[in-house]
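# Structural characterization, general
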Amino acid sequence: MNNQQITANNKRSAVLTLIGIAVMLLLTLTKVVPSSSIAGYSVFVGIAFFFIIEAVSKTPNDESGLRFNTIVEDIKKPNVTAWMLLPSVTGIVTILVGTQLFSGEFVAHVMGRTSSILSFDKTALLIGQIIIAAFGEEIAYRGFFLGKGMKKYPFWFCAVVSSLAFAAGHIATGDVGIIIYDIANVFIDSLIFSVIYHKSGNCVISTFSHILGNTISLVAVFLFF
């Protein structure tokens, strides 16, 4: 591929990235009506644009934001493991503090907003749903929104904007104080996943962290709340 073709591909990728991010943000804005379910489609948009841009830019496998063959090497990168474990800690702290502030209403709120996509009464299905949901969100928000956005804008700008969108997509109806507390913690976790992606360059690694954090939080809820 000559330089002219590379430049053309990069321009097309940049335009597609902006279009994809704009669509994701517009879908997320529908959460001004908390009961709206349209915002959830932003994940599918992000996944689609990730693979479209990878194809258009002819991204080499070792430069892709989604790699399975370098998992071990990526986990071993400086500080990646510590950051991967952090959402598990923040998840427990969020539940403990939320229970102190709002009693059982906080856990009820979180379970309520996730009940539409998670089958809490079927363990095997629940595990699969947690994995699929986390993987899809990481491809969309870290692999695409953050990873592709970083090719044009600074990391922290992309991390904050993508995390605001990610958090907004989790808004559910309920007590205003609980909603603010819940979304603030989702935003913080999203920033952590962003750092993991930035350090590892691989959304498979942030997916592992996402799955672990969600699983430990759910187990804690089932056992102690």
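The paragraphs below set out a description of the structure included in this document.

## Focus on a nonpolar patch on the surface
- Taken together, the side chains of Leu-86, Val-89, Val-93, Leu-96, Val-97, Leu-101, Val-219, Leu-223, Phe-224 and Phe-225 make up a nonpolar region of the molecular surface, amounting to roughly 930 Å² of accessible area.
- If you list the elements that add at least two residues to the nonpolar patch, you get α4 (80-102) and α9 (203-224).
- If you tally residues by element for the nonpolar patch, the top one is α4, at 6 residues.
- Among the structural elements, Phe-224 can be located in helix α9.
- Owing to a relative accessible area of 65%, Phe-224 belongs among the exposed residues under this scheme.

## Observations regarding the layout of surface pockets
- Empty space within the second largest pocket amounts to approximately 440 Å³.
- Along the wall of the second largest pocket there are 27 residues; nearest its centre are Gly-147, Lys-148, Gly-149, Met-150 and Lys-151.
- The set of elements that each furnish at least two residues to the lining of the second largest pocket consists of α1 (3-29), α2 (41-56), α6 (123-149) and α8 (176-200).
- A total of 6 residues in the lining of the second largest pocket trace back to one element, the largest contributor, which is α1.
- Classifying every residue of the lining of the second largest pocket by side-chain character gives 9 nonpolar, 12 polar and 6 charged.

## Description of the pattern of salt bridges
- In total, this model carries 5 salt bridges according to the counting rule given.
- Between Asp-74 and Lys-77 there is a salt bridge; the shortest N-O distance is 3.1 Å.
- You can call Lys-77 partly exposed: its relative accessible area is 30%.
- Residue Glu-138 pairs with Arg-142 through a salt bridge whose shortest N-O separation is 2.7 Å. In this pair, Glu-138 and Arg-142 both sit in helix α6, 4 residues apart, roughly one turn of the helix.
- Here Glu-138 falls in the buried class, since its relative accessible area comes to 0%.

Rules used in this analysis
Residues numbered from 1 in each chain as written. Predicted model: local features only at pLDDT ≥ 70, side-chain atom pairs only at ≥ 80, totals over all residues. Heavy atoms only, no water. Patch = residues over 30% accessible without salt bridge, like charges linked within 9 Å, V, L, I, M, F, W, Y side chains within 5 Å. Areas by Shrake-Rupley, 256 points an atom, 1.4 Å probe, with all protein chains shown as cover. Salt bridge = Lys/Arg side-chain N within 4 Å of Asp/Glu carboxyl O. Helix = DSSP H or I, 4+ residues; strand = E, 2+ residues; numbered from the N terminus. Buried < 20%, exposed > 50% of the residue type's maximum accessible area, 1.4 Å probe, protein only. 1 Å grid on protein atoms, 1.4 Å probe; cavity = no way out; pocket = protein on both sides within 12 Å on 5 of 7 lines; lining within 4 Å. Points joined across faces, edges and corners; volume = space filled by probe spheres on them. Nonpolar A, V, L, I, M, F, W, Y, C, P; charged D, E, K, R; others polar.

Keep in mind these numbers describe shape, not what the thing actually does.
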